[in-house]
Amino acid sequence: MNKIDMILKSNAIFTGCGDETVSGAVLIAGNKIAGVVSAEEAEQYITEETAVYEYEDKLIMPGFVDGH
């Protein structure tokens, strides 16, 4: 996996792959989602340059940008 620039942790991540939210972390590389993993697995991607944000029970979900 590429260098991870940002990690967003939450107990409520909506991926769109199911009807329920999951607990874990969203990995961001550049300006793209690189993956959604457990909070424990996300720890291996943290370096001195990685920004880590804790959102506890706040909802994280992908956005949609319509450019036309």
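Preceding this section is the structure that the text describes.
Attention here is on the structure that accompanies the text. (Residues numbered from 1 in each chain as written. Predicted model: local features only at pLDDT ≥ 70, side-chain atom pairs only at ≥ 80, totals over all residues. Heavy atoms only, no water.)

It is worth spelling out a nonpolar patch on the surface at this point. Side chains of Val22, Ile33 and Val36 sit close together on the surface and give an oily, nonpolar patch of about 240 Å² of accessible area. With respect to the secondary-structure elements, Val36 resides in strand E3 (residues 32–37). For Val36, a relative accessible area of 40% translates into the label partly exposed. (Patch = residues over 30% accessible without salt bridge, like charges linked within 9 Å, V, L, I, M, F, W, Y side chains within 5 Å. Areas by Shrake-Rupley, 256 points an atom, 1.4 Å probe, with all protein chains shown as cover. Salt bridge = Lys/Arg side-chain N within 4 Å of Asp/Glu carboxyl O. Helix = DSSP H or I, 4+ residues; strand = E, 2+ residues; numbered from the N terminus. Buried < 20%, exposed > 50% of the residue type's maximum accessible area, 1.4 Å probe, protein only.)

Quick look at the nonpolar core now. Counting eight residues, the largest nonpolar core consists of Ile4, Ile7, Ala25, Leu27, Ala29, Val37, Ala42 and Tyr45. In this structure, Ile4 is in contact with Leu27, Ile28, Ala29, Ala34, Tyr45 and Thr50, ignoring residues within four places of it in sequence. Residues Leu8, Ile13, Ile28 and Ile60 belong to the second largest nonpolar core, which totals five residues. (Core = buried A, V, L, I, M, F, W, Y, C linked by side-chain atoms within 4.5 Å. Contact = heavy atoms within 4.5 Å.)

Turning to the pairing of strand E2 (residues 22–29), a few remarks are in order. Among the eight residues in E2, six count as buried, and that is most of the element. As paired strands, strand E1 (residues 6–13) and E2 are joined by six bridges and run antiparallel to one another. Looking at E2, one finds that Lys9 is bridged to Ala25. Note that E2 and E3 share five bridges and pair antiparallel. Bridge assignment links Ile28 to a residue of E3, and that residue is Ile33. Linking E2 back to E3 in an antiparallel pair, the connection comprises two residues, with Gly30 at a positive phi of about 65°. (Pairing = 2+ DSSP bridges.)

By themselves, these figures tell us nothing about what the structure is for.
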